[in-house]
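Commentary on secondary and tertiary structure
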Amino acid sequence: GTGIGLSVSLVIFLLTYKKESKKIVEFNCMPFEAPVGGSDCELCNTFKECSEYTCKSLGQACEIVNAGTKEQKCIWKNPRDVNSPIIYMTNVSKGLKYLPDRNLRPDKTGVEISKLDGSCIKAFTPLEFSILTKDSLTQVGEPSQCKIDYNLTTKFEDMSYYMGGSNLFLYNHSEKLSLPGPESINKIAPELKNDGTYTLYIRCQDANGNFNVDPYSIRFCVEAGPDTTPPIIENTNI
């Protein structure tokens, strides 16, 4: 009986035996640290609300532009970014078209605006167009400040007018001007004569201070002749 008891006890011991060891693990509760860089900054702009806290939590190099406005955006302010924004024409007034300007040298960019049949724009009518800016390296939309001028300058700061009268960093910019009139529809825009061919120049600057040294050009001709166009009611307000 004693031998059987010892055998049973040995089996139970072997079946229930566990080897134990101890290891010291050190845990520190540190504040959250945003990831290095800023490749995810633009994700914030897809949220319903992009706060400064949310923006900075996406990357160490994320920063808010247009703070406190409806156009508040989160961008990657990358000191290694030396690429200027690329400008694309996206829209023009109804009844008009735009095509790449074939008169430009291959290293220049710009468009020529005309009526649908290729003829000059009718005098004393409004001309409106919109552009989009993208990062030249990633081809991703890049909020930028854009200026427009009828004089060819060498630097962004030398240009006279902000597109649409806004100095905000935006993806899309629009300009509206008269061709011409005693008063410009948009007083920020230059007032032009009613004959000849004209060129407007656009430069856009990102939050890192990069701008296109060679301006984006918009060339068009305006029909010569007296003002025979009747007034158009653009808006009413009671």
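Everything in this summary refers to the structure shown in the same document. Along each chain, residue indices are assigned from 1 in the same order as the chain's sequence is written. Per-residue local features of the predicted model are confined to residues with pLDDT of at least 70, and side-chain atom pairs are confined, for both listing and counting, to 80 or more; whole-chain, interface and lining totals are unaffected and use all residues. As a convention, hydrogens and water are excluded, and side-chain values are obtained from all of the structure's heavy atoms.

Things to note about the nonpolar core
Ile113, Leu127, Phe129, Ile202, Ile218 and Phe220 are the most contacted members of the largest nonpolar core, which totals 24 residues. We call two residues in contact when some of their heavy atoms are within 4.5 Å. With residues up to four places along the chain from it excluded, the contact list for Ile202 reads Ile87, Phe129, Ile131, Lys147, Ile148, Met159, Met163, Asn212, Pro215, Tyr216 and Ile218. Among the nonpolar cores identified, the runner-up in size contains eight residues, and Cys44, Cys55, Leu58 and Cys74 belong to it. In this text, buried Ala, Val, Leu, Ile, Met, Phe, Trp, Tyr and Cys residues form a nonpolar core when linked through side-chain atoms within 4.5 Å. A simple rule labels every residue: compare its accessible area, found with a 1.4 Å probe on the protein chains alone, to the largest value its type can have, and call it buried under 20%, exposed over 50%, or partly exposed in between.

Some thoughts on the packing of aromatic side chains
Each Phe, Tyr or Trp ring (for Trp, its six-membered ring) is paired with any other whose centre lies within 6.5 Å, and the angle between the two planes then decides the class: stacked below 30 degrees, edge-to-face above 60, tilted in between. This structure, assessed with the given rule, holds three aromatic pairs. With a centroid separation of 6.3 Å and 35° between ring planes, the pair formed by Phe156 and Phe211 is classed as tilted. Of the two residues, Phe156 sits in the loop between strand E7 (145-149) and strand E8 (161-162) while Phe211 sits in the loop between strand E10 (196-205) and strand E11 (216-222), which places them 55 residues apart along the sequence. Directly above the aromatic system of Tyr88 lies the positively charged group of Lys134, at a separation of 5.4 Å from the ring centroid. A ring is scored as having a charge over it whenever the NZ atom of a lysine or the CZ atom of an arginine sits within 6 Å of its centre and within 35 degrees of its normal. Lying over the aromatic face of Phe156, Lys147 brings its terminal NZ or CZ to 5.2 Å of the ring centre. Per the convention used, a helix needs a DSSP run of H or I reaching at least four residues, while a strand needs a run of E reaching at least two, with both numbered from the N terminus.

Re the pattern of salt bridges
A side-chain nitrogen of Lys or Arg and a carboxyl oxygen of Asp or Glu constitute a salt bridge if their distance falls within 4 Å. In this structure the tally under the stated criterion is five salt bridges. The residue Asp214 makes a salt bridge to Lys108 at a minimum N-O spacing of 2.9 Å. In this pair, Asp214 sits in the loop between E10 and E11 while Lys108 sits in the loop between strand E4 (96-100) and strand E5 (110-115), placing the two residues 106 residues apart along the sequence. When its relative accessible area of 37% is taken as the criterion, Asp214 is described as partly exposed. In this structure, the salt-bridge partner of Glu223 is Lys115, at a minimum N-O distance of 3.1 Å. In this pair, Glu223 sits in the segment after E11 while Lys115 sits in strand E5, placing the two residues 108 residues apart along the sequence.

As for the sheet that holds strand E6 (residues 125-135)
Two strands pair if DSSP finds at least two bridges between them. Read from one edge to the other, the open sheet built from three strands follows the order E3-E6-E9, with strand pairing classed as antiparallel. Each of the sheet's edge strands pairs with one partner strand only, and the pair in question is strand E3 (85-92) and strand E9 (172-179). Put simply, the sheet's adjacent strands are angled 30° from each other on average, direction ignored. Fitting a line to C-alpha atoms yields each axis, with helices limited to the stretch in contact; the angle taken between N-to-C directions then spans 0 to 180 degrees.

Notes on unusual backbone geometry
At Asn66, a residue that is not glycine, the phi angle is positive and equals roughly 60°. On the secondary structure map, Asn66 appears in the loop between strand E1 (62-65) and strand E2 (73-76). One non-glycine residue, Phe124, lies in the positive phi region at around 60°. You can see Phe124 is positioned in the loop between E5 and E6.

Some points on the state of the cysteines
Any pair of cysteine sulfurs within 2.5 Å is marked as a disulfide. Taken as a whole and assessed by the stated rule, the structure comprises five disulfides. Shown here is the disulfide that connects Cys41 with Cys62, its sulfur atoms set 2.0 Å apart. Classification of the bridge connecting Cys41 and Cys62 rests on its S-S torsion, roughly -90°, and on that basis the disulfide is left-handed. Of this pair, Cys41 sits in the loop between helix H1 (2-16) and helix H2 (52-57) while Cys62 sits in strand E1; the two residues are 21 residues apart in sequence, bridging distant segments of the chain. You'll find Cys41 and Cys62 in the same group, each marked buried. Sequence-ordered numbering of the bonded cysteines in the protein chain yields a pairing of 1-5, 2-3, 4-6, 7-10, 8-9.

Observations concerning the side chain of Ser130
Looking at where Ser130 falls in the secondary structure, it is placed in strand E6. Think of a polar contact as two N or O atoms within 3.5 Å of one another; within protein, one of them needs to be a possible hydrogen donor and the other a possible acceptor, and neighboring residues in sequence only count if both atoms come from side chains. A polar contact is formed between the side chain of Ser130 and the side chain of Ser174, at a distance of 2.7 Å.

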